[in-house]
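What follows is each chain in one-letter form.
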Amino acid sequence: MPFTDYKTALVTGASTGMGAAIAELLAKRGLMVHVAARNEERLKELAERSGAIPHTVDLTDTAAVAAELGGLEVDVLVNCAGVSRPGNILSSSEEDLDEIIDVNLRGLLQLTRLILPGMVNRDLGHVINISSIAGLYNFYGHTAYHATKAAVHQISRQLRNDTVGKRIRVTEICPGRVETEIFGRNMGGTPEAMEEAWKTYYEGYESLTTEDIVNAVDYAIETPRHVNVGMIELMPTFQVPGGLTFDRR
Ligand SMILES: NC(=O)c1ccc[n+]([C@@H]2O[C@H](COP(=O)([O-])OP(=O)(O)OC[C@H]3O[C@@H](n4cnc5c(N)ncnc54)[C@H](OP(=O)(O)O)[C@@H]3O)[C@@H](O)[C@H]2O)c1
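Residues numbered from 1 in each chain as written. Predicted model: local features only at pLDDT ≥ 70, side-chain atom pairs only at ≥ 80, totals over all residues. Heavy atoms only, no water.

Details of the site of the ligand
What surrounds the ligand is a group of 32 residues, the closest being Ser-15, Arg-38, Cys-80, Tyr-145 and Thr-180. Note that an oxygen atom of the ligand is positioned 2.8 Å from one of the backbone N or O atoms of Cys-80. Within the contact set of the ligand, an oxygen atom lies 3.4 Å away from a backbone nitrogen or oxygen of Glu-181. With the chains in place, 97% of the 890 Å² that the ligand exposes on its own is no longer accessible. Listing elements by their share of the shell around the ligand, those giving two or more residues are helix H1 (17-28), helix H5 (143-162) and helix H6 (182-186). Per element, the largest residue contribution to the shell around the ligand is three residues, and it comes from H6. Here the residues of the shell around the ligand sort into 15 nonpolar, eleven polar and six charged. (Near = heavy atom within 4 Å. Polar contact = N/O pair within 3.5 Å; in protein donor to acceptor, adjacent residues only side chain to side chain. Areas by Shrake-Rupley, 256 points an atom, 1.4 Å probe, with all protein chains shown as cover. Helix = DSSP H or I, 4+ residues; strand = E, 2+ residues; numbered from the N terminus. Nonpolar A, V, L, I, M, F, W, Y, C, P; charged D, E, K, R; others polar.)

So, in structure tokens, the structure goes:
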């Protein structure tokens, strides 16, 4: 019954998508939930409907993250914030590369560095990292996105070693395609881009929903305290991992 072991949570990327849905679940399970993202308005709405405590912060700003979140006592840390970009290394801008690395990797590591020692001191905690099938399999997608998600996969395993002997669990949730704003944001984030992304990536497909991700998080936390669910890979039934592409010349 580990939900009863935990009192507090911190969820990044909680202004929308998986992060918002996970934050609502944790609040429903009785935890005091801190939620972090840049969009103040959306965090406020989430706070109103769930009782979560909003923290408007840019994860790429380590000093701001330390000031806003570094002092929190957190039992369940959900590293969910993430960004991607269209194209790959051949078409990437300098800013795109930096942002993907800064949010998906540097931000995640810096926040974990700030929060994990408290878990170790209290001998209690659960870190949940949202990676992606892009971290495990090769397919068309941004090079840096694949690289950062592979890093999140490896970090999740390494944290187990870093905290060996402590009652700290680490779970990587590794999703295939989920219905969220991520593709619309990739395409510019305007209402038109959101609509275009919906038509391109979701319409006519049976993608995962944020509820599927929430159920996986719920399961990983609710397992008995001697069980560490290391990784859950979730994919739509009609999506396959990897795939071999052979260009004819
Ligand atoms: N959707 C998919 O198909 C899919 C598949 C596999 C893995 N994932 C991963 O799942 C996680 C959640 O993605 P999602 O699909 O729910 O995406 P989403 O709907 O685009 O949400 C992304 C979240 O990250 C936050 N964020 C972005 N940049 C930030 C920054 N600099 N500082 C703080 N917060 C920031 C956003 O909040 P603000 O803009 O308010 O800051 C937002 O809350 C990501 O790590 C993503 O890579 C997604």
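Moving on from the coordinates now.
Focus: the environment of Tyr-205
Summarising the element assignment, Tyr-205 is placed in the loop between helix H7 (191-202) and helix H8 (210-222). Beyond its immediate stretch of four places on either side in the chain, Tyr-205 contacts Arg-177 and Thr-200. (Contact = heavy atoms within 4.5 Å.)

Describing the pattern of salt bridges
A full pass over the atoms with the stated rule returns eleven salt bridges. Where Arg-106 meets Asp-102, a salt bridge forms, and the shortest distance between an N and an O atom there is 3.1 Å. Within this pair, Arg-106 and its partner Asp-102 are both found in helix H4 (residues 94-122), separated by four residues, close to a single helical turn. What makes Arg-106 partly exposed here is its relative accessible area of 31%. Across the salt bridge formed by Arg-157 and Glu-172, the nearest N and O atoms sit 3.1 Å from each other. On the criterion of sequence distance, the pair formed by Arg-157 in helix H5 and Glu-172 in strand S6 (residues 168-175) is long-range, its members being 15 residues apart. A relative accessible area of 0% places Glu-172 in the buried class. Where salt bridges share partners, they join Arg-42, Glu-181 and Arg-185 into one cluster. (Salt bridge = Lys/Arg side-chain N within 4 Å of Asp/Glu carboxyl O. Buried < 20%, exposed > 50% of the residue type's maximum accessible area, 1.4 Å probe, protein only.)

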